[in-house]
Amino acid sequence: MVRYMTEIYGNPSSVHAFGRMARKGVEEARESVAALIGASPGEIIFTSGGTEADNLAIKGIAESLSHKGKHIVTSKVEHHAVLHTCEYLEKKGFSVTYLPVDKYGSVSASDVEAALRDDTILVSVMMANNEVGTIQPIAEIVQVAKSRGVLVHTDAVQAVGAVRIDVEELGVDLLSLSGHKIYGPKGVGALYVRKGVKILPVAHGGGHERGKRAGTENVPGIVGLGKAAELAKEEMDSSSEKIKHLRDKLIEGILSRIEHSRLNGHPTNRLPNNVNVSIEYVEGEAMLLSLDQQGVAASSGSACTSGSLEPSHVLTAMGLSHEVAHGSLRMTLGRQNTEEDVDYVLSVLPPIVERLRNMSPLGKRG
Ligand SMILES: *Cc1c(COP(=O)(O)O)cnc(C)c1O
């Protein structure tokens, strides 16, 4: 990336040698991103991140197929990049079905099937949930939608780089991914659009990204995303195994050391890096502030949309009460984490919980 900020600073749309060198960097990155998900390079559109990829997928299909129908099916546990885009489209005359989930946060393919109408143009269900890690049955959902000729988008921002993804096997038509969720830079992502699927652009301007996303490319960011994709492809299997082991150790350690704690999300069908627990009779915010003082970075069930005191829409959709949702804590593990890190969290978290419970107005003492 540094070379692309200092030496190879050409505009990839320029015909001269400086421009051609930058173009080469962008196109090599496109090949790496495509290879990671089993796509061809021509099916990758670079964006400013996962949020823009979700917007482009959903608005892009809504606009291109509005003559066919104006109904979209999604779920209640999607990222706000999907939910708020759907809410925006509702104001523009589209109708949206927000599917419920079970207690693990899973969407069922038969619910998708039951929601399909003659005017349904798109199903958008995330591949893996960012809060609780639950992996959705996308291949089954695709089968159901395909049999009715409906396109499927999946927000795979959390799944890419964590689990194996092949867009041909899955059969999805559109898939969003993001750089900073796969150890790449922030402010860059991509949308996979299956060959033959037509989307209309959201941003208008030059003919960049085959006319689907106008604006001079973020060359260093794209090159960084390409490198991250290359590394993810090489290291995913071995690092996922290691991270999964640490995840299970952390989950078991918390559940066995802290009374009235429980795991949120699916017990097995979950991202290898995600730990989300509810610890009753304590505030998630208070736990995460105390953890932060001990050098542990976590997030809580109410802080995801930071500043808001509304409990997480994901946890409430799973049937958790507001109290239990407020006492939830999410920790994610990565390549650099070690057994010692997990031991450290397991040594500092129980005393934090005990102290907070002792001063808690919420009732129960630890
Ligand atoms: C992070 C995230 C996004 C947004 O991606 P950005 O690159 O931060 O815009 C969208 N969906 C999911 C599931 C995410 O985890």
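As shown above, the structure is provided for reference.
Scope of this entry: the structure provided in the associated data block. Predicted model only: the values in this text are computed from it and were never measured. (Residues numbered from 1 in each chain as written. Predicted model: local features only at pLDDT ≥ 70, side-chain atom pairs only at ≥ 80, totals over all residues. Heavy atoms only, no water.)

In the vicinity of the ligand, 13 residues are found, and the nearest of them are Thr 51, Asp 155, Gln 158, Ser 178 and Lys 181. Contact between the ligand and Gly 50: an oxygen atom at 2.8 Å from a main-chain N or O atom of the residue. Between the ligand and His 180 there is a distance of 2.8 Å, counted from an oxygen atom to a side-chain nitrogen or oxygen. If the ligand stood free it would expose 380 Å²; the protein chains cover 87% of that surface. Considering each element in turn, the shell around the ligand owes the most residues, three residues, to helix H3 (residues 50–65). (Near = heavy atom within 4 Å. Polar contact = N/O pair within 3.5 Å; in protein donor to acceptor, adjacent residues only side chain to side chain. Areas by Shrake-Rupley, 256 points an atom, 1.4 Å probe, with all protein chains shown as cover. Helix = DSSP H or I, 4+ residues; strand = E, 2+ residues; numbered from the N terminus.)

The next thing to look at is the sheet that holds strand S11 (residues 328–332). Strand order in the open sheet formed by four strands is S8-S9-S11-S10, and the pairing between neighbours is antiparallel. The open sheet terminates on both sides in strands that have one partner only, identified here as strand S8 (261–263) and strand S10 (299–300). Across two bridges, S10 lies against S11 in antiparallel orientation. Paired with Ser 300 across the two strands is Leu 329, which belongs to S11. Contacts between helix H8 (residues 219–257) and the sheet are confined to S8, strand S9 (274–279) and S11, with S9 contributing the most and set at about 10° to the helix. Strands S9, S10 and S11 of the sheet are contacted by helix H9 (residues 284–293), whose axis makes an angle of about 40° with S11. (Pairing = 2+ DSSP bridges. Contact = heavy atoms within 4.5 Å. Axes fitted to C-alpha atoms, helices over the stretch in contact; angles between N-to-C directions.)

Backbone phi values are negative for most residues with the exception of glycine, while trans is the configuration of most peptide bonds. The backbone phi angle of Tyr 183 is positive, close to 70°, even though this residue is not glycine. Relative to the helices and strands, Tyr 183 is located in the loop between strand S6 (174–178) and strand S7 (189–193). Note on Tyr 183: relative accessible area 43%, which makes it partly exposed. Positive phi is not limited to glycine here, since Tyr 281 has a value of about 65°. (Buried < 20%, exposed > 50% of the residue type's maximum accessible area, 1.4 Å probe, protein only.)

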